[in-house]
Amino acid sequence: MADAEIEVTAELVRELLREQHPDLAGLTIREVPGGWGNQMWRLGDELAVRMQRMDATPELQFKERRWLPVLAPRLPLPVPEPVRLGVPSARFPKHWTVMTWVPGEPLDHGSISRGTHAADTLAHFLRALHVEAPADAPTATDRGAHPRDCTAGFERFRRAVAMGSLPRRGDLTPDDIAARVRSLWDDAVAAGAWEGPPVWVHGDLHPANVVVSDGTLSGVVDFGDLFAGDPAWDLAAAWLLLPAGTATRFFDTYAVADEATIRRARGLAAMKCFFLMLMGQNGDRGLPGGKPHWLPAGQAALDRVLNDDA
């Protein structure tokens, strides 16, 4: 049986715990819906088991194991921290990690009602994360570049998204909206490059990778794409995550993003919106990894990108 075909069940998780961490094997095990590269299982009330699934290598888990214990103590929101390591075995030939559970509801299944609070919370979190990274910090592979070097990806996502899926606003046609997105992307491409030292960047801030409670952001998860580089890749979250009309508040609180960085961030946000919409369309088509509820999330985020100035 190929690795990708191994069915991960609660009983398999329990067997692995019995073999490698028997003191945890008696805890309740519940599957956490979602996930693609890794599959999550809730373990008791305070832990989770992160099982390598579609990721081709365990490198993303290794990255979290190495760096989250370094970053977590100085971040103002809860993030998952590794507490036990699982090694490949005859029963499951991949890596797995027991991590702390970050309570809350994923934003792609929840909502933010306290927009100002959420904007301040996200800004403080990213200010704390975006400090100069050490020389041995990981570098990006498929992200992290200046927008001008990402135009092929932007075009691929843009072409893949059905024009009828673009957010409607007033009398604007899909062609009008597409032209505005193109102008915004061209502006990001023309913006100056990041001139500071490489800083820690989460790299994959979208609605499924943050959790909310009490109407505001309460945690950040999935640091598998963590890298050292341009903070604009995270600052795109001002439009991807926050309610309409709060981007200005976010950047005022963050306080250290110059005009060029904001322009890059806004263009990258547009590209990420296309990705969310494409994943939503794939879900409607029943394709593997597709998430139907991401289509309206991407549409709403793109509307914010086009209309919320910072």
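Residues numbered from 1 in each chain as written. Predicted model: local features only at pLDDT ≥ 70, side-chain atom pairs only at ≥ 80, totals over all residues. Heavy atoms only, no water.

Asker: Which residues make up the environment of Thr9, and what values do they have?
Answerer: Tracing the sequence through the fold places Thr9 in the segment before α1 (10–20). A relative accessible area of 27% places Thr9 in the partly exposed class. As for Thr9 and Arg30, which are separated by 21 residues in sequence, their C-alpha atoms are 9.5 Å apart. (Helix = DSSP H or I, 4+ residues; strand = E, 2+ residues; numbered from the N terminus. Buried < 20%, exposed > 50% of the residue type's maximum accessible area, 1.4 Å probe, protein only.)

Asker: Residue-level account of the sheet that holds strand β3 (residues 47–52), with values.
Answerer: The 5 strands lie next to each other as β1-β2-β3-β5-β4, forming an open sheet whose pairing is antiparallel. Every interior strand has two partners, whereas the edge strands, β1 (29–32) and β4 (82–86), have only one. The average angle at which neighbouring strand axes cross in this sheet is 25°, direction not considered. Pairing of β1 with strand β2 (residues 38–43) involves 4 bridges; the strand directions are antiparallel. For Glu31, the partnering residue across the bridge sits in β2 and is Trp41. (Pairing = 2+ DSSP bridges. Axes fitted to C-alpha atoms, helices over the stretch in contact; angles between N-to-C directions.)

Asker: How would you explain the packing of aromatic side chains if you had to name every residue and give the values?
Answerer: Counted by the stated rule, this structure contains 8 aromatic pairs. Ring centres of Trp67 and Trp200 lie 4.9 Å apart, and the angle between their planes is 55°; on these two criteria the pair is classed as tilted. Placement of Trp67 in helix α2 (residues 59–71) and of Trp200 in strand β7 (residues 199–201) is noted, with a sequence separation of 133 residues between them. Pair check on accessibility: Trp67 and Trp200 agree, each one buried. What links up through ring pairs into an aromatic cluster is the set Trp239, Phe250, Phe251 and Tyr254. Residue placement shows Arg66 over the ring face of Trp67; its charged tip is 3.8 Å from the ring centre. The aromatic ring of Phe157 is capped on one face by Arg156, whose charged end is 5.6 Å from the ring centroid. (Phe/Tyr/Trp six-rings, centres within 6.5 Å; stacked < 30°, edge-to-face > 60°. Lys NZ or Arg CZ within 6 Å of the ring centre and 35° of its normal.)

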